[in-house]
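Analysis of the macromolecular model
Spelled out, the chains give:
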Amino acid sequence: GAVVSQHPSWVICKSGTSVKIECRSLDFQATTMFWYRQFPKQSLMLMATSNEGSKATYEQGVEKDKFLINHASLTLSTLTVTSAHPEDSSFYICSARRATDRSEGGYTFGSGTRLTVV
Amino acid sequence: AQSVAQPEDQVNVAEGNPLTVKCTYSVSGNPYLFWYVQYPNRGLQFLLKYITGDNLVKGSYGFEAEFNKSQTSFHLKKPSALVSDSALYFCAVRLSSGNTGKLIFGQGTTLQVKP
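Structural notes, computed from the coordinates.

Focus on the layout of surface pockets
A probe as big as a water molecule, rolled over the atoms, marks out the empty space that is left. When its volume is computed, the largest pocket comes out at roughly 450 Å³. Every residue lining the largest pocket is counted, 21 residues in all, and those nearest its centre are Pro40(A), Lys41(A), Gln38(B), Leu88(B) and Thr110(B). Within the residue set of the lining of the largest pocket, elements represented by two or more residues are strand S10 (87-94) and strand S12 (109-114) of chain B. Residue contributions to the lining of the largest pocket peak at 4 residues, all from S12(B).

Re the sheet that holds strand S3 (residues 19-25) of chain A
Residue and element names in this part refer to chain A. Judged by pairing direction, the sheet is antiparallel, and its 4 strands sit side by side in the order S1-S3-S8-S7 without closing on themselves. The open sheet terminates on both sides in strands that have one partner only, identified here as strand S1 (4-7) and strand S7 (67-73). Between one strand axis and the next, the sheet turns by 15° as a mean value, whatever way the strands run. Strand direction decides the pairing type here: S3 and strand S8 (residues 76-81), joined by 6 bridges, are antiparallel.

Description of the interface of chain A and chain B
In this assembly, 23 residues from chain A lie in contact with 21 residues from chain B. On the surface where chain A and chain B come into contact, there are 1 salt bridge. Lys102(B) serves as the salt-bridge partner of Glu59(A), at 3.1 Å between the closest nitrogen and oxygen. Counting across the chain A and chain B interface gives 6 residue pairs in polar contact (both at pLDDT 80 or more). Sorting elements by how many residues they give to the side of chain A that touches chain B places strand S4 (residues 30-38) of chain A first, with 4 residues. Classifying every residue of the side of chain A that touches chain B gives 8 nonpolar, 10 polar and 5 charged.

Conventions and cut-offs
- Residues numbered from 1 in each chain as written.
- Chains lettered and ligands numbered in written order.
- Predicted model: local features only at pLDDT ≥ 70, side-chain atom pairs only at ≥ 80, totals over all residues.
- Heavy atoms only, no water.
- 1 Å grid on protein atoms, 1.4 Å probe; cavity = no way out; pocket = protein on both sides within 12 Å on 5 of 7 lines; lining within 4 Å.
- Points joined across faces, edges and corners; volume = space filled by probe spheres on them.
- Helix = DSSP H or I, 4+ residues; strand = E, 2+ residues; numbered from the N terminus.
- Pairing = 2+ DSSP bridges.
- Axes fitted to C-alpha atoms, helices over the stretch in contact; angles between N-to-C directions.
- Contact = heavy atoms within 4.5 Å.
- Salt bridge = Lys/Arg side-chain N within 4 Å of Asp/Glu carboxyl O.
- Polar contact = N/O pair within 3.5 Å; in protein donor to acceptor, adjacent residues only side chain to side chain.
- Nonpolar A, V, L, I, M, F, W, Y, C, P; charged D, E, K, R; others polar.

Take a look at the structure:
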């Protein structure tokens with residue numbers, strides 16, 4: 001089946017540094033990638049939607065200059081948390097929507113990245 | 001506003017008993033509904049979806065869900081719970097407006113199956 005590889009699975013960084021999270025669709029083309037943030041024991045909050053080759057669309061309240069999203073190819077999307085602060089500590093999950101499965105709404109999720117900013 | 005709600009934060013069942021995790025939705029047009037399961041520090045695993053057709057949808061690991069249009073519900077069920085079913089469950093709806101394909105998730109329900 002479709003697989004999305006997300007890494008790193010966990011990362012600890014110092015305040016003020018930047019962290020990049022990658023999501024790769026291994027055996028399919030992902031025309032759309034969604035990035036979510038999840039706080040402990042809470043639901044997934046959609047941060048942004050990115051389509052290959054175009055700028056990401058951010059949800060209200062999400063700082064686009066802080067959470068940089070790049071979707072340069074049909075198999076790779078990255079989320080960079082810039083100048084990270086402890087409040088950015090969270091679990092980040094990507095979800096790829098398959099180009100050939102639009103009518104069925106097929107989504108494949110990455111395994112998530114636990115970011116801890118110290 | 002389009003939304004999905006899971007009214008129970010936690011559901012406790014004994015192993016071998018049937019389980020139900022509730023979900024209600026509010027969308028315009030025909031809903032695309034999904035159930036996902038999440039284990040600690042992991043991404044979401046797809047269980048099942050309703051797009052159209054039979055109201056009873058069968059999915060992975062013996063789970064099923066019934067789409068009820070009049071009650072705007074899509075409850076997740078399993079006839080006999082396993083301890084290994086203990087996890088966090090999310091109901092989600094795909095927004096029908098536009099073609100962005102965004103999923104909106106419910107709050108999540110923790111299922112605890114006790115031996």
